[in-house]
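Residue-level structural notes
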Amino acid sequence: MLRFCALAAVLLAATPALARDIVVEAGPNAQERLQSALLDARPGDTVRIGAGRFELTDGLSLDVNGVTVRGAGTERTVLSFKGQLGAGEGLLVTSDDVVLRDFAVEDSKGDGIKSKGADRIVYKNVRVEWTGGPKATNGAYGVYPVESEDVLIDGVTVKGASDAGIYVGQSNRIVVRNSTAMYNVAGIEIENSGLAEVTGNLAAHNTGGILVFDLPALPKRGAGYVLVKGNRVVDNDTPNFAPPGNTVATVPTGTGVLVMAENDVSVTGNELSGNGTANIMVVAYRQPFEDKGYDPYPRNIRLAGNKHGRTGFAPAMPGGKELAAALGGTLPPVFWDGTGGDKVRLVGDDGPVLALGLALGAGIETAKPQLIKLDNAAPSPWRTFKLPAAMEAAAK
């Protein structure tokens, strides 16, 4: 009997019926009440943020596992950081199994929403926006999960980030889908990460639409296997407004998809048009570096089945105008710096491709431009993954 009672107590403690709703409504002292709710939450709880505008003067933080933060909708629940006194994030999450959904973050001094070391995190129907439009003084990142295992970004909208609107860095098993990135420097960026699917998104009016990077001297290198499929990457025409020194400050205005130094990337079935420099660019990392284990070349890149519209009509890269003039006024939809030669292995049916034949670190003045066709050979074997079922359920 005692064993039965003990077992019943354990099961009762684990039941979701004990999970609480902590409701925070708009009104006076919103900063204190909302942060207190995040501090008081226990695993399984939902912090429900009511409809209205929350005028906040400091960043918020959550470090409790298994908490859902839920608003009444991205236009109804607005966390405004226009009066933020510090320079940090709007919301910082450092715990696992967190769901963030149905609210907006506006005008944070730093990043909009950052999660660090937060495994199995879900961003669903979240909007992050700098309402004054593109400015170098805007926060760097809109949604910013980093150093995480299992990331789901679904139905997110970001506008005005001075680095990347939707950014995932140094993470594994990532899904970014059904989201919109506009008027950022980089719309969507996957950096030093592995096993990622970027599907069904809209990247428009950014400097560059979708970026897949692997950079040196970071704690984690990318493991590759990044799928960019079924996205609309159109009219990326916003002049680069990144602060000087940022990696994305070198992204040419009018870039559609940019793959740099990452391995096993598949860019397939996308709609690409209105990108003045190129619809797709594949390049090596061209800056000096001391990281002895770093490979600066892109490897095993598949470009296939993409629908290419107007492009190459306003190339913003060094020497781009001269190259376009030599080719009749516009550049072809796909651009490859040619660095690495056969090591790179570009395959697919997109084309023609403008290859520059540049040596690593060489300037554009040494280019030997030529139009080439991709090898339509079978791509290398692909690695697949699935996110935990609980994450998919939380995003419904």
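Residues numbered from 1 in each chain as written. Predicted model: local features only at pLDDT ≥ 70, side-chain atom pairs only at ≥ 80, totals over all residues. Heavy atoms only, no water.

The name an unreviewed UniProt entry assigns to the protein is Parallel beta-helix repeat protein, from the organism Sphingomonas leidyi.

1. Considering the overall build of the protein
Each helix and strand in the protein was counted, giving four helices and 32 strands. Against the 2.2 N^0.38 benchmark of 21 Å for 396 residues, the protein shows a C-alpha radius of gyration of 22 Å, consistent with a compact globule. With 396 residues in all, the protein has 54% of them scored as buried. Expressed as a percentage of contacts within the protein between residues at least 6 apart in sequence, the contacts between residues at least 24 apart total 61%. Total accessible area on the protein is roughly 16,200 Å²; 53% of this is exposed by carbon and sulfur atoms. (Helix = DSSP H or I, 4+ residues; strand = E, 2+ residues; numbered from the N terminus. Rg over C-alpha atoms; globule rule 2.2 N^0.38 Å. Buried < 20%, exposed > 50% of the residue type's maximum accessible area, 1.4 Å probe, protein only. Contact = heavy atoms within 4.5 Å. Areas by Shrake-Rupley, 256 points an atom, 1.4 Å probe, with all protein chains shown as cover.)

2. So, the sheet that holds strand 23 (residues 255–260)
Read from one edge of the open sheet, twelve strands run 4-7-9-11-14-17-20-23-26-29-31-32, paired in mixed fashion. Two strands close off the open sheet at either side, each with one partner strand: strand 4 (60–62) and strand 32 (370–372). Strand-to-strand twist in this sheet, taken as the mean axis angle between neighbours without regard to direction, amounts to 15 degrees. Bridging between strand 31 (residues 353–355) and strand 32 involves three bridges; their strand directions are antiparallel. Opposite Leu-354, over in strand 32, you have Leu-371 as the bridge partner. Against the sheet, helix 2 (residues 30–40) engages strand 4 and strand 7 (91–93), with an angle of about 10 degrees to strand 4. (Pairing = 2+ DSSP bridges. Axes fitted to C-alpha atoms, helices over the stretch in contact; angles between N-to-C directions.)

3. With respect to the UniProt feature "domain: Right handed beta helix" (unreviewed entry) in the protein
Within the UniProt annotation, "domain: Right handed beta helix" (unreviewed entry) is assigned to residues 87–213. Across residues 87–213 one finds 0% helix and 59% strand; the C-alpha atoms that close the span lie 27 Å apart. (UniProt positions renumbered as here; feature names shortened; annotations may be inferred.)

4. Comments concerning empty space enclosed by the protein
In this approach, a probe sized like a water molecule rolls over the atoms, and the result shows the empty space that is left. According to the stated counting rule, one finds one cavity of 30 Å³ or more in the structure shown. Taken as a whole, the largest cavity encloses approximately 40 Å³ of empty space. As for the largest cavity, its lining consists of Leu-34, Leu-38, Ile-49, Leu-60, Val-69, Leu-79 and Leu-91. (1 Å grid on protein atoms, 1.4 Å probe; cavity = no way out; pocket = protein on both sides within 12 Å on 5 of 7 lines; lining within 4 Å. Points joined across faces, edges and corners; volume = space filled by probe spheres on them.)

5. Things to note about the layout of surface pockets
Taken as a whole, the largest pocket spans an internal volume of roughly 670 Å³. Within the residue set of the lining of the largest pocket, elements represented by two or more residues are strand 23 and strand 26 (278–283). Looking at the lining of the largest pocket residue by residue, the classes come out as 19 nonpolar, six polar and two charged. (Nonpolar A, V, L, I, M, F, W, Y, C, P; charged D, E, K, R; others polar.)

6. Quick word on unusual backbone geometry
Cis geometry marks the peptide bond from Gly-351 to Pro-352, where omega comes out at 0 degrees. Of note, Pro-352 is situated in the loop between strand 30 (346–348) and strand 31. A positive phi is found at Asp-150, a non-glycine position, where the angle reads about 75 degrees. Relative to the helices and strands, Asp-150 is located in strand 12 (residues 149–154). The exposure class of Asp-150 is buried, given its relative accessible area of 7%. Despite not being glycine, Asn-192 shows a phi value in the positive range, around 50 degrees. Among the secondary structure elements, Asn-192 is positioned in the loop between strand 17 (186–191) and strand 18 (194–199).

7. A few points about the side chain of Thr-339
With respect to the helices and strands, Thr-339 occurs in the loop between strand 29 (334–336) and strand 30. Setting aside anything within four residues of it in sequence, one finds Thr-339 in contact with Ala-284, Arg-286, Tyr-297, Val-344, Leu-358, Ala-359 and Leu-360.

8. Focus on the pairing of strand 14 (residues 164–169)
With six of six residues buried, strand 14 lies mostly within the body of the structure. Relative to strand 14, strand 11 (residues 141–146) runs parallel, the two being bridged by three bridges. In the strand pairing of strand 14, Val-146 is matched with Gly-169. Bridging between strand 14 and strand 17 involves five bridges; their strand directions are parallel. Along strand 17, the bridge assignment pairs Tyr-167 with Glu-189.

9. Comments concerning the pairing of strand 9 (residues 113–116)
By the bridge criterion, three bridges tie strand 7 to strand 9 in an arrangement that is parallel. From the neighbouring strand, Leu-91 faces strand 9, where its bridge partner is Ile-113. Bridge count for strand 9 against strand 11 is four bridges, and the pairing is parallel. Along strand 11, the bridge assignment pairs Lys-116 with Val-146.

10. Looking at the side chain of Asn-275
Mapping Asn-275 onto the fold places it in the loop between strand 25 (271–273) and strand 26. From its side chain, Asn-275 meets the backbone oxygen of Val-233 in a polar contact 3.1 Å long. (Polar contact = N/O pair within 3.5 Å; in protein donor to acceptor, adjacent residues only side chain to side chain.)

11. A few points about the environment of Thr-238
Turning to its location among the elements, Thr-238 is positioned in the loop between strand 22 (232–234) and strand 23. With relative accessibility at 8%, the residue Thr-238 sits in the buried group. Once the C-alpha coordinates of Thr-238 and Ala-204 are considered, the two residues, 34 residues apart in sequence, prove to be 9.1 Å apart. Once residues lying within four places of it in the same chain are set aside, the contact partners of Thr-238 are Pro-134, Tyr-183, His-205, Asn-206, Thr-207 and Thr-253.

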